[in-house]
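Okay, here's what each chain looks like letter by letter:
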Amino acid sequence: MNRHLTDQKGDLRMKKLLLATALVAVTGAAYAQDVVRLGTEGAYPPFNFINDAGEVAGFERDVGDELCKRAGLTCEWVTNEWDSIIPNLQSGNYDVIIAGMSITDERDEVIDFSQNYFPPAASAYVALSADADLKGVVAAQVSTIQAGYVAESGATLLEFATPDETIAAVRNGEAVAVFADKDFLAPIVAESGGELMFVGEEVQLGGGVGLGLRESDTELKEKFNAAIQSMKDDGSLNALIEKHFGPEAAKF
Amino acid sequence: MFAACADPKAIEGLTWALCYLTSGKHIDFYWSFVTVLLLLALTAPAALAMGFAGAIAARSRFLPVSLLGKGYAAIVRGVPDIVFFLFFVIALDQAIEWTKHQIVCPDWTQPIRQGLEFRVCPQAKVPLGSASAFWHQAYGFGLAVFTFAIVFGAFAANVLYGAMNAVPRAQLETAEAYGLSQAQVFRRILVPQMWVYALPGLSNLWMILIKATPLLFLLGVKDIVYWARELGGSKTQAYEYPHPDWRLWYFVGLLVFYLIFTKVSEIVLARLSARLNHGQATAGGEALRKAAA
């Protein structure tokens, strides 16, 4: 057996090389990826955040790791600020955006989305008092669907680079309210000791949260779609949603 | 880090503070100070070398070289820093990958530019997709040093060009009268004497460089300002150490760091200035002579 292997070694290496060249030449974009780099923001708990050990954690960490396991991929986590998260995907700094990004038509024009792994959820306003004027200055994170909604609602939009700064803006009076995903706001409101409260109507925005991929990465997209479907089918995705967002959160 | 820190929500007071300040994230924060210092230690000599080359080129009697030197200083100094740090780095990164692509994947048939996407073959990625996170960071850091060196080199080129022209003509003429060649005059008379004229400008650049290090974050390197903002932001129970908005305290810490750092720099630069002025026929040199007498 051993001798046989040795005899074949040179031949095998040649074959491997040919195979690799053929793969690259024929399938083009759909190459065999060694490591899939997952890009996230790391500042949007409980979706994704940097935990106290300095690692990416949260709902999307659990989902991402599980999806990679099911799709048979080796994945690596990368953080990138929200503002430039799409351009950096396009220039190839990472392969997947997994950052609480809602599926919208505008984004779908520049990148591709997998099927959603988080159902369409409500966005809500949070303010310091119940009679806050939601047509006044409202804070939202830059380039989010919430920012787009505020701009069209007739209120004055105040944009910030990170979600944390939008909350700080309400606390220090810079904005009368903040508009964001309700699932992001809920723990903050609950732990504010009555300082912050939900006001106004909840709004349904976007088509749920999906993975963002380059439009040319169709094979990778199909792998993730299948993995997400299998997590939906066996209920493990719902279990993760409940673990991170509580029993009241919307599920599949 | 310590055994007592296993369950952060059960501890309080001093132990909590100790555990909090030694969390993995804080260790990353402390290392980022080293990153910033390393960046300065590498960028300053690199920028000085770029500046020196630029100044020599600008002084050249051969017109194309002279235009190249002057053009470099004029163009880079004229472009806003933020534009430089946002676009130049992406262009540089893509240029490196494009070049590598041409070499390692000559048979690649797909277009590299597909709409907004930039897509080279996987073997041409820099660093490779399979490289460890360390290499990705080191590459980002290398791009940062290079970009800083180009930007600050342009300013240094202008300062050094002016300093070279400020050396009294009489000094050079005397050297020529002794029969020194042009290269010898440059090396033995011009360069040693120009530093005293260049130092005020260069020390300004050093101070600006210290303060420009937060631009590192634009280049994907996590610097002290990024970590201060990340650590200081209010934390919910999803984190091990929940706390309200403490950004103010972290930024006060950074303020102290930068003030101490610039103060130490000032002391060192003042000593250097005194040393360079020693024995020079300048007002500074005259003041030193009188003080000693």
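Residues numbered from 1 in each chain as written. Chains lettered and ligands numbered in written order. Predicted model: local features only at pLDDT ≥ 70, side-chain atom pairs only at ≥ 80, totals over all residues. Heavy atoms only, no water.

### Here we look at the state of the cysteines
Formally, a disulfide is one covalent bond, and it connects the sulfur atom of one cysteine to the sulfur atom of another. Definition in use: Criterion for a disulfide: a pair of cysteine sulfur atoms within 2.5 Å. Each residue is placed in one exposure class: buried if its accessible area under a 1.4 Å probe, protein chains only, is under 20% of its type's maximum, exposed if it is over 50%, and partly exposed if it falls in between. Helix and strand labels come from DSSP, where a helix needs a run of H or I of at least four residues and a strand needs a run of E of at least two; each type is numbered from the N terminus.
Counting across every chain of the model gives 3 disulfides over all chains. Residue Cys68 of chain A pairs covalently with Cys75 of chain A via a disulfide, S to S 1.9 Å. Judged by the torsion about the S-S bond (-90 degrees), the Cys68 of chain A/Cys75 of chain A disulfide is left-handed. The class of Cys68 of chain A is buried, set by a relative accessible area of 3%. Note on cysteine connectivity: Cys105 of chain B is disulfide-linked to Cys121 of chain B, with sulfurs 1.8 Å apart. Looking along the S-S bond of the Cys105 of chain B-Cys121 of chain B disulfide, the torsion reads about 80 degrees, which is the right-handed sense. A residue pair is termed long-range when its members are at least 10 positions apart, and Cys105 of chain B in the loop between helix H4 (81–104) and strand S1 (113–114) and Cys121 of chain B in the loop between strand S2 (117–118) and helix H5 (133–166) qualify at 16 residues. Of note for chain B: the bonded cysteines, numbered N- to C-terminal, pair according to 1-2, 3-4.

### Digging into helix H1 (residues 13–21) of chain B
Residues and elements named next belong to chain B. Defined as follows: Here, the arc refers to the directions that run from the helix axis to the C-beta atoms. Working rule for contacts: check all heavy atoms of both residues, and any pair within 4.5 Å makes them a contact.
Residues of H1 that are buried include every one of Trp16, Cys19 and Tyr20, and no others. Mapping the buried residues of H1 onto a view down its axis gives an arc of 100 degrees, with all of them on the same face. Where H1 is buried, its residues contact helix H2 (24–59), helix H8 (224–232) and helix H9 (247–277).

### Points about a negative patch on the surface
Residue and element names in this part refer to chain A. The following threshold applies: The patches described consist of residues with a relative accessible area above 30% and no salt bridge, like charges being joined within 9 Å and nonpolar side chains (Val, Leu, Ile, Met, Phe, Trp, Tyr) within 5 Å. Here the Shrake-Rupley method, with its probe set to 1.4 Å, supplies the accessible areas, and only the displayed protein chains count as covering residues. A pairing counts as a salt bridge when a side-chain nitrogen of Lys or Arg comes within 4 Å of a carboxyl oxygen of Asp or Glu. Positive residues here are Lys and Arg, negative ones are Asp and Glu, while His and the chain termini are left out of the count. By convention, the point assigned to a charge is CZ for Arg, NZ for Lys, CD for Glu and CG for Asp.
There is a patch of like negative charges on the surface, built from Asp105, Glu106, Asp108, Glu109, Glu152 and Glu215. Here the negative patch takes 4 residues from helix H4 (residues 105–110), the largest share from any one element. Mapped onto the elements of the fold, Glu109 is located in helix H4. The exposure class of Glu109 is exposed, given its relative accessible area of 64%.

### With respect to the interface of chain A and chain B
Here is the rule we go by: Once two parts are brought into contact, the accessible area they lose, counted with a 1.4 Å probe and summed over both, makes up the buried area. Distance and chemistry together define a polar contact, namely a pair of N or O atoms within 3.5 Å, with one atom able to donate a hydrogen and the other to accept it when in protein, and with adjacent residues in sequence counting only for side-chain atoms on both sides.
At the junction of the two partners, chain A supplies 37 residues and chain B supplies 41 residues. Carbon and sulfur atoms make up 49% of the surface buried where chain A meets chain B, a total of about 3,100 Å² over both sides. Inspection of the chain A/chain B interface yields 1 salt bridge. When the shortest N-O distance is used, the salt bridge between Arg119 of chain B and Asp217 of chain A registers 3.1 Å. At the junction of chain A with chain B, the criterion picks out 15 residue pairs in polar contact (both at pLDDT 80 or more). Where the side of chain A that touches chain B is concerned, the elements lending two or more residues are helix H1 (2–27), strand S1 (35–40), strand S3 (48–50), strand S5 (74–79), helix H6 (163–171) and helix H7 (182–190) of chain A. The element best represented in the side of chain A that touches chain B is H6 of chain A, accounting for 4 residues.

### Brief notes about the nonpolar core
Stated precisely, the cut-off is as follows: Put simply, a nonpolar core is a bunch of buried Ala, Val, Leu, Ile, Met, Phe, Trp, Tyr and Cys residues held in one set by side-chain atoms that sit within 4.5 Å of each other.
Phe59, Tyr117, Phe118, Leu211 and Phe224 of chain A together with Phe29 and Phe148 of chain B are the most contacted members of the largest nonpolar core, which totals 111 residues. Ranked by the residues each element gives to this core, the list is headed by H5 of chain B, at 15 residues. Beyond its immediate stretch of four places on either side in the chain, Phe29 of chain B contacts Ile224, Trp227, Ala228, Leu231, Tyr250 and Leu254 of chain B. Formed by 13 residues, the second largest nonpolar core is a distinct cluster that contains Tyr125, Val138, Phe179 and Leu205 of chain A.

### Some remarks on the pairing of strand S13 (residues 209–213) of chain A
Residue and element names in this part refer to chain A. The cut-off we apply is this: Between any two strands, pairing holds if DSSP finds at least two bridges.
Most of S13 is tucked away: 5 of the 5 residues are buried. Pairing of strand S7 (residues 112–118) with S13, which is carried by 4 bridges, proceeds in the antiparallel orientation. Within S13, the residue paired with Phe118 across the bridge is Val209.

### Topic: the environment of Asp108 of chain A
All names here are of chain A. By the element assignment, Asp108 lies in helix H4. Residue classification places Asp108 among the partly exposed residues on the basis of a relative accessible area of 35%. Residues Asp108 and Leu213, spaced 105 residues apart in sequence, show a C-alpha to C-alpha distance of 9.8 Å.

### Some points on the packing of helix H2 (residues 59–71) of chain A against helix H9 (residues 236–245) of chain A
All names here are of chain A. Going by this rule: Geometry is summarised by axes, namely lines fitted to C-alpha atoms with helices restricted to the contacting stretch, and by angles between N-to-C directions that run from 0 to 180 degrees. Orientation categories follow fixed angle ranges, with anything under 35 degrees roughly parallel, anything over 145 roughly antiparallel, 65 to 115 roughly perpendicular, and all other angles oblique. A clockwise turn of the near helix away from the far one marks a right-handed crossing, whereas an anticlockwise turn of less than a right angle marks a left-handed crossing.
Direction vectors running N to C along H2 and H9 enclose 160 degrees, while the axes themselves pass 9 Å from each other. Overall, the two elements H2 and H9 adopt an arrangement that is roughly antiparallel. In terms of crossing hand, the pair formed by H2 and H9 is right-handed. Within the contact between the two elements, H2 uses Phe59, Asp62, Val63 and Arg70 and H9 uses Ser236, Leu237, Leu240, Ile241, Lys243, His244 and Phe245.

### A few points about the environment of Arg247 of chain B
Relative to the helices and strands, Arg247 of chain B is located in helix H9. Given the relative accessible area of 15%, Arg247 of chain B is considered buried. Along the chain, Arg247 of chain B and Ala228 of chain B lie 19 residues apart, while their C-alpha atoms are 6.8 Å from each other. Those residues in contact with Arg247 of chain B that lie beyond four places of it in its chain are Asp164, Glu165 and Ala168 of chain A together with Arg229, Gly232 and Gly233 of chain B.

### Digging into the sheet that holds S1 of chain A
Residues and elements named next belong to chain A. Read across the sheet, 5 strands follow the order S5-S1-S6-S13-S7 without closing on themselves; strand pairing throughout is mixed. At either margin of the open sheet sits one strand with a lone partner, and together these are S5 and S7. As judged from the 2 bridges shared by S1 and strand S6 (residues 96–97), these two strands associate in the parallel manner. For Leu38, the partnering residue across the bridge sits in S6 and is Val96. Against the sheet, helix H8 (residues 218–233) contacts S1, S6, S7 and S13, and its axis sits at roughly 15 degrees relative to S7.

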